[in-house]
Amino acid sequence: MRFLREIRMVKDNGEFPFSLPLFRDFDTLSLDAPITFLVGENGCGKSTLLEIVAAALRLPGLTQRSIETHPLMEVAREAAAGFRFVRQGAGWRGFYFRADDVTGFLQSIRRNAEEHGDLARHFEQTLPEGSGRDRAVGMARAQVRAFAERYGEDPFARSHGELFLALFQARLTAPGLYLLDEPEGPLSPTNQIALIAMIRDAVSEGSQFLIATHSPILMALRGAVILDMDVSPPRPIAWDDVEHVAITRAFLSHPDSYLSRL
């Protein structure tokens, strides 16, 4: 199902991010497939467009701060007023997933677990014996156990890629709109293939994905539309014609030739 069908630019104040080349001739971007990849060089505006969609639709991130109050999202929140979004359905869910948020989120989880552990010890030492103290200590320890069951005793004991996949899978809870900003960052090639499997399964259950990426592996997902964000307006492009695919293929075929020219 396509929860987001079109992105229309209705107002351009000439300031950033409207000054980006992507928005020079931007009018209406139709999303005609359940999976759309946004590809292009760094700085072209693909991540900015995802931020604008996330801000306009109020999609949650790993923390609400990343969308509603984070200063780095202020530009996206203001720019969202210049767009209209054609949506479909009601009561659907969604998520905005940015690889850069993972480390900060896990640090907050570990800090919260430590604080609840300290709180349990504080209650044991300061409250008088009785059912009231037992309940207070039990509640604090229950929070520590809940964190451990979901994220492990130490969230950083696993690799960054494993953590990313675990967090992403935990949030694929229902059909919805999922925005992924360069998810390949922490992922090995094997884990990128695992992510493809998760995306494919979610689409089969009715989800829609809008993904900014540089990964030729992810872009190869069958049935997806690849949009070239280096041109305005963005236009569909075949996987074989994507510059990242061509360069990667050429390098892997003749690495010595490339390296000898450096």
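Presented here is an overview of the structure given in this document. (Residues numbered from 1 in each chain as written. Predicted model: local features only at pLDDT ≥ 70, side-chain atom pairs only at ≥ 80, totals over all residues. Heavy atoms only, no water.)

**Overview of unusual backbone geometry**
Now for step 1: Phe16 connects to Pro17 through a cis peptide bond whose omega is 10 degrees.
Now for step 2: With respect to the helices and strands, the residue Pro17 is situated in the loop between strand 1 (4-9) and strand 2 (28-30).
Now for step 3: In this model, Ser232 is joined to Pro233 through a cis peptide bond whose omega is 0 degrees.
Now for step 4: Position of Pro233 relative to the elements: it lies in the loop between strand 8 (225-228) and strand 9 (235-236).
Now for step 5: Positive phi values are uncommon outside glycine, yet Glu182 reaches one of about 45 degrees.
Now for step 6: Here Glu182 is to be found in the loop between strand 6 (176-181) and helix 7 (189-204). (Helix = DSSP H or I, 4+ residues; strand = E, 2+ residues; numbered from the N terminus.)

**Observations regarding the packing of aromatic side chains**
Now for step 1: In this structure the tally under the stated criterion is 12 aromatic pairs.
Now for step 2: Centroid distance Tyr178 to Phe209: 5.4 Å. Interplanar angle 25 degrees. Geometry classified as stacked. With Tyr178 in strand 6 and Phe209 in strand 7 (residues 208-212), this residue pair connects regions lying 31 residues apart in the sequence. Of the two residues, Tyr178 and Phe209, both sit in the buried class.
Now for step 3: Among the aromatic residues, those joined into a cluster by ring pairs are Phe95, Phe97, Phe164, Phe168, Tyr178 and Phe209. (Phe/Tyr/Trp six-rings, centres within 6.5 Å; stacked < 30°, edge-to-face > 60°. Buried < 20%, exposed > 50% of the residue type's maximum accessible area, 1.4 Å probe, protein only.)

**Some points on the sheet that holds strand 9**
Now for step 1: Taken in spatial order, the six strands of this open sheet run 5-6-7-3-8-9, and their pairing is mixed. Of all the strands in the sheet, just strand 5 (93-98) and strand 9 have a single pairing partner and so form its edges.
Now for step 2: Two strands pair when backbone bridges link them, and strand 3 (residues 35-39) and strand 8 are joined in this way by four bridges, in the parallel orientation. Note on strand 8: the bridge partner recorded for Phe37 is Ile226.
Now for step 3: Lying over the sheet, helix 1 (residues 46-57) contacts strand 3, strand 5, strand 6 and strand 7, oriented at roughly 145 degrees with respect to strand 6. (Pairing = 2+ DSSP bridges. Contact = heavy atoms within 4.5 Å. Axes fitted to C-alpha atoms, helices over the stretch in contact; angles between N-to-C directions.)

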